[in-house]
Amino acid sequence: MRVPNELYTARPWRIHEFTGDFTLEDVWALPTPGGPDDLPRLVKQFTSNDDSEMSAAVLRVLFAIRWKIGALLKLDKAEDGVGKRVTSLRDRLPADLLELPDGPDFELVPLRSVYQTDTEYVAEMANKTCHVLMHIGWVPDGSGRYRGEMAALVKPNGLFGKAYMAGITPFRRTLVVPALIRGIGSNWSKYA
């Protein structure tokens, strides 16, 4: 389920301090009921090499198409990534966040950890089209429990990046993210 962007921006996330040049694409509630200290469990699920969240046929097909298009258009070359075309978000972090462990990197996709606190985890990737941040927040759900929220923040690379983002948004919102969220929910209990 999508969460209004205004609810996300109203929360006192640290990420707001240094991402003013990124656009918040959308925010999603995750079916991950837990206690106040369960963010590490969610981060472990996201970053592990267990691809069961990707098991839905629609996700496998869409990602196969995306990687094929990326190879044909040379969208994902190393020289277009973080540390090459764009500097890492870690270069913007205040000293207190730099002192924390930055959290685990993803094993199956090219997202690299930026920082992790007790309520936030941020990972980033970049290619020829854009610089993307994935923010995982751990929030109270109003019933005494907590759950995850996943937000995508993007900085497109020029007109091509803006066109690319406009082109993929309908697929991302209607197919990719809902299927991913279903997978996260169905596998949540095995990461206890």
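Residues numbered from 1 in each chain as written. Predicted model: local features only at pLDDT ≥ 70, side-chain atom pairs only at ≥ 80, totals over all residues. Heavy atoms only, no water.

Draft legend 1. Structural context of the nonpolar core. Ranked by size, the top nonpolar core spans 25 residues in total, and within it Leu-42, Phe-46, Ile-136 and Met-150 carry the most contacts. In terms of residue count, helix H5 (residues 158–187) provides more of this core than any other element does, six residues in total. Residues in contact with Leu-42, not counting those within four places in the same chain, are Leu-30, Thr-32, Ile-136, Trp-138, Gly-148, Ile-184 and Trp-188. Listed in part, the 19 residues of the second largest apolar core include Phe-22, Leu-93, Leu-97 and Leu-153. (Core = buried A, V, L, I, M, F, W, Y, C linked by side-chain atoms within 4.5 Å. Buried < 20%, exposed > 50% of the residue type's maximum accessible area, 1.4 Å probe, protein only. Helix = DSSP H or I, 4+ residues; strand = E, 2+ residues; numbered from the N terminus. Contact = heavy atoms within 4.5 Å.)

Draft legend 2. The arrangement of the environment of Lys-44 in detail. With respect to the helices, strands and loops of the structure, Lys-44 is situated in helix H2 (residues 39–47). When the C-alpha positions of Lys-44 and Phe-106 are compared, they lie 9.1 Å apart, and in sequence the two are 62 residues distant.

Draft legend 3. Highlighting the side chain of Gln-45. Take Gln-45: it is sitting in helix H2. A polar contact is formed between the side chain of Gln-45 and the backbone oxygen of Ile-184, at a distance of 3.0 Å. (Polar contact = N/O pair within 3.5 Å; in protein donor to acceptor, adjacent residues only side chain to side chain.)

Draft legend 4. Quick look at H5. For H5, with 30 residues, the first-to-last C-alpha span of 38 Å runs short of the 44 Å given by 1.5 Å per residue. At Arg-172, H5 is deflected by roughly 55°, the largest bend along its length. (Expected span 1.5 Å × (residues − 1). Bend = angle between axes of the 7 residues up to and from the residue.)

Draft legend 5. The pattern of salt bridges, seen in detail. Inspection of the entire model under this criterion finds 10 salt bridges. Between Arg-14 and Asp-96 there is a salt bridge, with the nearest N and O atoms lying 2.7 Å from each other. Of this pair, Arg-14 sits in the loop between helix H1 (5–10) and strand S2 (23–29) while Asp-96 is found in helix H4 (residues 95–98), placing the two residues 82 residues apart along the sequence. We classify Asp-96 as partly exposed; its relative accessible area is 38%. Between Asp-26 and Arg-173 there is a salt bridge, and its shortest N-O distance comes to 2.8 Å. Taken together, the residues Asp-26 in strand S2 and Arg-173 in helix H5 connect sequence positions 147 residues apart. Look at Arg-173 and you get partly exposed, because its relative accessible area is 27%. Here the salt bridges do not stand alone but share partners, grouping Glu-25, Asp-26, Arg-172 and Arg-173 into one network. (Salt bridge = Lys/Arg side-chain N within 4 Å of Asp/Glu carboxyl O.)

Draft legend 6. Focus on the packing of aromatic side chains. Within this structure, the stated rule accounts for five aromatic pairs. Measuring from ring centre to ring centre gives 6.4 Å for Tyr-8 and Trp-13, while their planes differ by 35°; the resulting arrangement is tilted. Neither residue differs from the other here; Tyr-8 and Trp-13 are each classed as buried. On the basis of an interplanar angle of 40° and a centroid distance of 6.4 Å, the ring pair of Phe-106 and Tyr-121 is categorised as tilted. A residue pair is termed long-range when its members are at least 10 positions apart, and Phe-106 in the loop between H4 and strand S3 (112–116) and Tyr-121 in strand S4 (residues 120–126) qualify at 15 residues. (Phe/Tyr/Trp six-rings, centres within 6.5 Å; stacked < 30°, edge-to-face > 60°.)

Coordinates in, geometry out; function isn't part of it.
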